[in-house]
Amino acid sequence: MAPEKQKRSGFIVSHTIISYRDPKQLNRRTISIYAAVIVTAVLGGLLWQQGLFHLAAALLQAASTTTACPAPATAVPQYVLDYAPLVWLDVSEPYFPSDISCQVRSTYFHPDLNLTSIPNPPTLTLDNLDQLNDYGNYGGEDVYLTSNVDITTNPQFLYGVRPDATGKTNDAVSMVIVVTDKGLGNVDAFYMYFYAYNLGNTVLGNELGDHVGDWEHNMIRFKDGVPTAIWYSQHSNGEAFEWGVVEKRGNRPYAYSAVGSHGVYATAGAHDHTFPNLDLPFKFLVTDHTSAGTLWDPLLNRYNYNYNPGSNCFTAAGDSSPTAFMNYVGRWGDQQYADSDPRQKAFFTFRKYVAGPTGPQDKQLNRTNICPSDDCIVRDSTRPIPGPITSL
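Residues numbered from 1 in each chain as written. Predicted model: local features only at pLDDT ≥ 70, side-chain atom pairs only at ≥ 80, totals over all residues. Heavy atoms only, no water.

1. Some details on the pattern of salt bridges
- What the rule picks out here adds up to seven salt bridges.
- A salt bridge links Asp188 to Arg221; the nearest nitrogen and oxygen atoms lie 2.8 Å apart. Of this pair, Asp188 sits in strand E8 (residues 186-198) while Arg221 is found in strand E11 (residues 211-223), placing the two residues 33 residues apart along the sequence. Neither Asp188 nor Arg221 differs from the other in exposure class; each is buried.
- A salt bridge links Arg252 to Asp297; the shortest N-O distance between them is 2.7 Å. Of the two residues, Arg252 sits in strand E15 (residues 252-257) while Asp297 sits in the loop between strand E19 (294-296) and strand E20 (302-308), which places them 45 residues apart along the sequence. The pair formed by Arg252 and Asp297 is uniform in burial state, with each residue classed as buried.
- Within this structure, Asp150, Asp341 and Arg343 form a network of salt bridges that share partners. (Salt bridge = Lys/Arg side-chain N within 4 Å of Asp/Glu carboxyl O. Helix = DSSP H or I, 4+ residues; strand = E, 2+ residues; numbered from the N terminus. Buried < 20%, exposed > 50% of the residue type's maximum accessible area, 1.4 Å probe, protein only.)

Given below as structure tokens:
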């Protein structure tokens, strides 16, 4: 039976009354036990309070580092614009740069989880797209922006906007610039290009790797405002070159966008990427093709950001560029169609239609090397053979 609480002077510990009104009733052993209980209770209370203090401090620190971004920085440095790439789109390119906001409009797309529409989603814009990070089982990583219409019917919005004679994609913002300032004059500038559709490569007569949504990019590494090297992304890999060896118009390097797949190369011609880090100058299995077809100047219609690696924050760089969509961690296109889907075609373990890509936040914006990986080859020539390994 639980001891009864009594209205008398005494210590109450865990609902047990320890009386000190009649010391004669207490022997040494009892006193020791009671003393131990009292000390334990007091220390436990102090530790509990200290634990709450540290918990509160930790929560405050977490809140300050995860929800508070630094004050918006100044505009993108002028040298980042002066050395920005010009993009040659292939002469046969069917899928031109696309307006980023079209990919989130309910007119064209809706969010999916496991090939099923999310019920009653918010009305999405570039200003709230990161709300989709609250859905799914992986912090939004399993959310897909899915086309409202069957893409095999070739809806017009997949074809993007052909640049005009000045190189501008009218009424379509198709590039974001992200500046990562590492301090001490070390700056990485990312130029990220968006297309609504990626046409995969044809391998032994099989078209493989098509997907809705496509992000490719260049990255230029600067030291004290001077470019030292440039990265060209090519699907899941890419190539890096010393700055002085790439083709330019004035200060601005050329980036050759592969027809359909939009992999970015330093030269025109055939580029077989069957083997990682080996750009073969002839067709083998997986070949991209580039040429000087339509010139696109992405600077003419862009969003601008600074990225803070310490706080993992994007801030608009001197303008009103929307920031929420930069934090979206889901996919920018349809989920890979099931093998039972009549649109899907299989070739061994490969598929015609694969999942849409992740966005800018997943492009390793705080790199050690100019390459995303630690194994970085920075070539001293644009010839399609491996060059020496350097440490830029």
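Following the structure, the description resumes.
2. Section: the packing of aromatic side chains
- Per the stated rule, a full pass over the model turns up 22 aromatic pairs.
- An angle of 35° between the planes, with centres 5.9 Å apart, marks the rings of Trp88 and Tyr254 as tilted. Linking Trp88 in strand E3 (residues 86-89) with Tyr254 in strand E15, this pair joins segments that are 166 residues apart in sequence.
- Residue classification places Trp88 among the buried positions, given a relative accessible area of 17%.
- You can call Tyr254 buried: its relative accessible area is 10%.
- Geometrically, the ring pair formed by Tyr254 and Tyr256 is tilted, given 6.4 Å between the ring centres and 50° between the ring planes.
- The ring of Trp243 carries Lys248 above its face, with NZ or CZ at 5.0 Å from the centroid.
- The ring of Tyr337 has Arg343 sitting right over it, with the charged end atom 3.8 Å from the ring centre. (Phe/Tyr/Trp six-rings, centres within 6.5 Å; stacked < 30°, edge-to-face > 60°. Lys NZ or Arg CZ within 6 Å of the ring centre and 35° of its normal.)

3. Some thoughts on a nonpolar patch on the surface
- Nonpolar side chains collect at one region of the surface, where Leu204, Phe284 and Leu285 lie side by side and expose about 300 Å² of accessible area between them.
- For Leu204, the location among the structural elements is in the loop between strand E9 (201-203) and strand E10 (206-208).
- For Leu204, a relative accessible area of 64% corresponds to the exposed category. (Patch = residues over 30% accessible without salt bridge, like charges linked within 9 Å, V, L, I, M, F, W, Y side chains within 5 Å. Areas by Shrake-Rupley, 256 points an atom, 1.4 Å probe, with all protein chains shown as cover.)

4. A look at the sheet that holds strand E12 (residues 226-234)
- Pairing is mixed in the open sheet, where eight strands are placed in the order E21-E20-E7-E8-E11-E12-E13-E24. Each edge of the open sheet is held by one strand with a lone partner, namely strand E21 (313-316) and strand E24 (378-379).
- Note: strand E7 (residues 175-183) against E8, eight bridges, orientation antiparallel. The residue of E8 that forms the bridge with Ile177 is Tyr191. (Pairing = 2+ DSSP bridges.)

5. Digging into the state of the cysteines
- If you walk through the whole model with that rule in mind, you get one disulfide.
- Put simply, Cys371 and Cys376 are joined by a disulfide, and their sulfur atoms are 2.0 Å apart. Looking down the S-S bond of the Cys371 and Cys376 bridge, the torsion is 65°, so its handedness is right-handed. No difference in accessibility class separates Cys371 from Cys376, as the two residues are buried. (Disulfide = S-S within 2.5 Å.)

6. Comments concerning the pairing of E11
- Burial within E11 is extensive, with 12 of its 13 residues counted as buried.
- The sheet contact formed by E8 and E11 spans 12 bridges and is antiparallel. Considered in E11, the bridge of Met192 is made with His217.
- Counted along the chain from E11 to the antiparallel partner E12, the turn is two residues long, and its residue Asp224 has a positive phi close to 55°.

7. Section: the side chain of Thr180
- With respect to the element layout, Thr180 can be found in strand E7.
- Residue classification places Thr180 among the buried residues on the basis of a relative accessible area of 0%.
- In terms of polar contacts, Thr180 uses its side chain to reach the backbone carbonyl oxygen of Leu365, at 3.0 Å.
- Setting aside residues up to four positions removed in sequence, Thr180 forms contacts with Asn186, Val187, Asp188, Phe190, Tyr307, Pro309 and Leu365. (Polar contact = N/O pair within 3.5 Å; in protein donor to acceptor, adjacent residues only side chain to side chain. Contact = heavy atoms within 4.5 Å.)

8. Some thoughts on the nonpolar core
- Grouped together as the largest cluster of nonpolar side chains are 34 residues, with contacts concentrated most on Ile100, Leu129, Val176, Val178, Phe325, Trp332 and Ile370.
- Put simply, the parts of the chain that give this core at least two residues each are strand E6 (143-147), E7, E8, E11, E12 and E20.
- With near-sequence residues (within four places) excluded, Ile100 lies in contact with Leu126, Val173, Ser174, Met175, Val176, Phe194, Trp215, Tyr303, Phe325 and Trp332.
- Core analysis: the next-biggest nonpolar cluster, separate from the first, contains 29 residues, Val187, Phe222, Phe241 and Ala255 among them. (Core = buried A, V, L, I, M, F, W, Y, C linked by side-chain atoms within 4.5 Å.)

9. Topic: the pairing of E20
- The element E20 is largely enclosed, with a buried count of five among its seven residues.
- Two elements, E20 and E21, share four bridges in a ladder whose sense is antiparallel. Bridge pairing in E21 links Asn306 to Thr315.

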